[in-house]
Amino acid sequence: MSKVKTKEKLGFQTEVKQLLNLMIHSLYSNKEIFLRELISNASDAADKLRFESLSNAKLLEDQPELKISISCNSKKNEVTISDNGIGMSRKELIENLGTIAKSGTAEFLSKRTGDEKKDAQLIGQFGVGFYSAFIVADKVTVETRRAGKKASNGCRWNSDGQGEFTVEDIEKSDRGTKIILHLKPSESEYSDRLRLENLIKKYSDHIAFPVDLFDETDKEKETKVINSATALWNRPRKEVSDEEYKEFYKHIAHDFADPVHWSHNRVEGKREYTSLLYIPSRAPFDLWNREAPKGLKLYVKRVFIMDEAEQFLPLYLRFIKGVIDSSDLPLNISRELLQKNPEIDAIKSALTKRVLSMLAKLASKEEAEDKSIYENLWNEFGQVIKEGFVEDPKNIENLTKLLRFSSSKTQSNQQIRSVQNYVDDIKKDQDKIYYLLADSYQAAKSNPHLEQLQKQGIEVLFFTDRIDPWMAEHLKEFDGKEFQDVGRGDFSLPKADEKDQDAVNKRHKSFIAKLEENLKDRVEKINVSQRLVESAACVVPGDNDLPPQMKRMLEASGQNLPETKPILEINMKHDLMKKLNKLEDEAAFSDLASTILDHALLSDGEQLQNPADYVKRISNLLINSLDAKSSAKKKTKKKVAKKQGKKK
Ligand code: ADP
């Protein structure tokens, strides 16, 4: 005997309530998308059943033809979307239509602004799915039965979208899911047959199952199949319109916005597969979440196998959406088997090349009619693409072409330049590409390391993203020119008049020795700088030391790094150094030397180890300078008085 549960009333998860609220108030201008979302779910359910039936043919019962049916009733102001797909059990129904499983949802939804335009964008990033039914309906009924279960295992879900829903067991003879939308009086247009027919054509022509439409109020009219019902990626490229490609993207990516670009290809020969890859126009909200879904939709000989097949693209291209349909893989392929299959590695490598060349196309200025397209892409995905330098050393040359940076020549961090731009504008005889690691554009712009280069008119690229120190480790050369970190001690200036460091140091031997004596606990050594113009001093990491940006981040993530000391570079042409050199008072010398080092560290973005000590020293210096000023004033006053006295 099967247990019959009575009707139960349940509350939506808080996130669902927030989502519903956001959706109903923000998507008023694009209401019709509910139909796309519901047909998309129905198509997924049919895909899942077809896959499960591969190992259990009984699931298809006596209805092997999978399809989606829409019926409308303008008298009742209702529209119904039915599928004979996988269906849901009572437990699944409660879970799927009462909660949102995506991690990071709460945090994401908390970003609501109240500004409807912005919120509509926000929600577009999220993919609203089933809950979009409540944009047009004031009550939604779902009746469902899982494939292969008895008719008595059906279940009904009901809600007005206000915070609660009910579930109860029902008899349901046909398997799958039926969603009945009791439309709001203001949305009666969606119960009109013609309106629906147009919408199905517009949004769901790419769906691989037949979608038919039936008007309950006009029994004379026959049910008719509206869409073309062939998998879009199996159609020849020439026969698919841009609009269809875009709609298909929205179906698989759960995105509202159009993709920026796509690439549709059939590969024949040793390996046979079709791929359709899309570059989205913006990053999903969970791009940085490790557990966020990523990967392509995998089909084998047109049968859906799985969502989020991660093995076909490297992690740094996780923002790419699309479909891969292989003719060679076995239908019973599992995630585990995918990991071990050498065929997959070959496809992955080919798809990676394809994506990189799509990106390169958008990036190259000849092709991009609109420069902002790639700039936007770079803002959205640049940081992720940079992970490729560590993950995919084989493609470093192609990846380097995609890079964009602000530089000592740009007016802000919004203005970006490619490495190619840099090379195009390079100075004659310059054989290196100079870059500076810094925490921000502002910090880079005022960094003392730039001074000599700027004086010579040499451009320096600013590497200011968190990932840049790691990327820089792998950057080797571009167009035959080596990359060179100008923040390092061993970096050499492009001008040929640079001198041997030891020889330069020798000229100031006793001063350096005195400084070193004072600062020996805090610096590895002291060099006379050849790169400073306006600043008195700067620090550079020791020859075997990590870049400071990388060190700071590793330390912030809790790693214990061995204690290291920087090299202090001093500018002997600077007044401060000249005066310090002549200073005889030992205590004052020591205070000043420490303060100069502190300032060099600060302008490099470091934190002082002993800020209180620094503040004390500066206060003393200020007092001394004020004392000196007022005594100078007194002296002049006395002099003036004397002079005036004489005159009298
Ligand atoms: P998403 O489709 O993005 O997962 P939805 O809110 O649209 O989110 O749906 C939540 C879940 O409900 C789906 O993942 C699916 O498991 C289930 N579901 C929705 N519609 C159907 C349907 N027609 N048939 C079977 N299951 C469905």
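Residues numbered from 1 in each chain as written. Predicted model: local features only at pLDDT ≥ 70, side-chain atom pairs only at ≥ 80, totals over all residues. Heavy atoms only, no water.

A word on helix α20 (residues 548–556)
For α20, a buried count of seven out of nine residues is recorded, marking the element as mostly surrounded by other parts of the structure. If you check which residues of α20 are buried, you get Pro548, Gln549, Met550, Lys551, Arg552, Met553 and Leu554. Tucked into the core, α20 has its buried residues touching β17 (432–437) and α17 (468–474). Two residues or fewer after α20 comes glycine 558, characterised by a positive phi angle close to 95°. (Buried < 20%, exposed > 50% of the residue type's maximum accessible area, 1.4 Å probe, protein only. Helix = DSSP H or I, 4+ residues; strand = E, 2+ residues; numbered from the N terminus. Contact = heavy atoms within 4.5 Å.)

Looking at helix α7 (residues 193–204)
Since there are 3.6 residues in each turn of an α-helix, residues three or four apart along the chain are aligned in direction. Look at α7: 16 Å from first C-alpha to last across 12 residues, which is about the 16 Å you get at 1.5 Å a residue. Within α7, the full set of buried residues consists of Arg193, Leu196, Glu197, Leu199, Ile200, Tyr203 and Ser204. Summarising the axial view, the buried residues of α7 lie within an arc of 165°, below the 170-degree limit, and thus occupy one face. Considering only its buried residues, α7 is in contact with α2 (33–55), β2 (68–73), β3 (78–83), β8 (211–215), β9 (224–225) and α8 (242–253). (Expected span 1.5 Å × (residues − 1). Arc of directions from axis to C-beta.)

A few points about the nonpolar core
Counting residues in each nonpolar core, the largest one holds 70 residues, and the members touching the most others are Leu298, Phe312, Phe319, Leu338, Leu351, Leu359 and Phe463. Top element by residues in this core is helix α10 (residues 342–363). It accounts for nine residues. Setting aside its immediate chain neighbours within four residues, leucine 298 contacts Val303, Phe304, Ile305, Met306, Ala309, Phe312, Ile324, Leu329, Ile333 and Leu338. Residues Cys72, Ala133, Ile207 and Ile226 belong to the second largest nonpolar core, which totals 64 residues. (Core = buried A, V, L, I, M, F, W, Y, C linked by side-chain atoms within 4.5 Å.)

Side note on the site of the ligand
Neighbouring the ligand are the residues Asn41, Ala45, Lys48, Asp83, Met88, Asn96, Leu97, Gly129, Phe130, Tyr131, Thr177 and His254. In this structure, asparagine 41 approaches the ligand through a side-chain N or O atom, which is 2.7 Å from an oxygen atom. The contact in question runs from a nitrogen atom of the ligand to an N or O atom on the side chain of threonine 177, over 3.2 Å. Coverage of the ligand by the protein chains reaches 79% of its 530 Å² of free accessible surface. Here the residues of the shell around the ligand sort into five nonpolar, five polar and two charged. (Near = heavy atom within 4 Å. Polar contact = N/O pair within 3.5 Å; in protein donor to acceptor, adjacent residues only side chain to side chain. Areas by Shrake-Rupley, 256 points an atom, 1.4 Å probe, with all protein chains shown as cover. Nonpolar A, V, L, I, M, F, W, Y, C, P; charged D, E, K, R; others polar.)

Some details on the sheet that holds strand β21 (residues 525–528)
Strand pairing in a sheet relies on backbone hydrogen bonds. The paired strands run either parallel or antiparallel. Taken in spatial order, the three strands make up an open sheet running β21-β23-β22, and their pairing is mixed. Lying at the two open borders of the sheet, with one neighbouring strand each, are β21 and β22 (537–540). Pairwise comparison of adjacent strand axes, ignoring direction, gives a mean angle of 25° for this sheet. Judged from the four bridges that link them, β22 and strand β23 (residues 567–570) form a sheet pairing that is antiparallel. Paired with alanine 537 across the strands is isoleucine 570, a residue of β23. Lying on the sheet, helix α19 (residues 509–519) is in contact with β21 and β23; it crosses β21 at an angle near 150°. Contacting β22 and β23, helix α22 (residues 586–603) crosses the sheet at an angle of about 60° to β22. (Pairing = 2+ DSSP bridges. Axes fitted to C-alpha atoms, helices over the stretch in contact; angles between N-to-C directions.)

Here we look at a negative patch on the surface
On the surface, a cluster of negative charge is contributed by Glu397, Asp429, Asp431, Glu477, Asp479 and Glu482. Take aspartate 479: it is sitting in the loop between β19 (477–478) and β20 (481–485). (Patch = residues over 30% accessible without salt bridge, like charges linked within 9 Å, V, L, I, M, F, W, Y side chains within 5 Å. Salt bridge = Lys/Arg side-chain N within 4 Å of Asp/Glu carboxyl O. Lys, Arg positive; Asp, Glu negative; His and termini not counted. Charge placed at Lys NZ, Arg CZ, Asp CG, Glu CD.)

Notes on the packing of α10 against helix α11 (residues 371–386)
Two quantities define a packed helix pair, namely the angle between the helix axes and the distance between the axes. Between α10 and α11, the least distance of the axes is 10 Å, while the angle of their chain directions is 140°. Taken together, α10 and α11 sit at an angle that is classed as oblique. The two elements α10 and α11 cross, and the hand of that crossing is left-handed. Here Leu359, Leu362 and Ala363 of α10 lie close against α11, whose contacting residues are Ile373, Tyr374, Leu377 and Ile385. Taken together, the residues of the contact of α10 with α11 sort by class into seven nonpolar, no polar and no charged. (Parallel < 35°, antiparallel > 145°, perpendicular 65-115°, else oblique. Left-handed = near helix turned anticlockwise from the far one by under 90°.)

Keep in mind that these numbers describe shape and distance, not what the molecule does.
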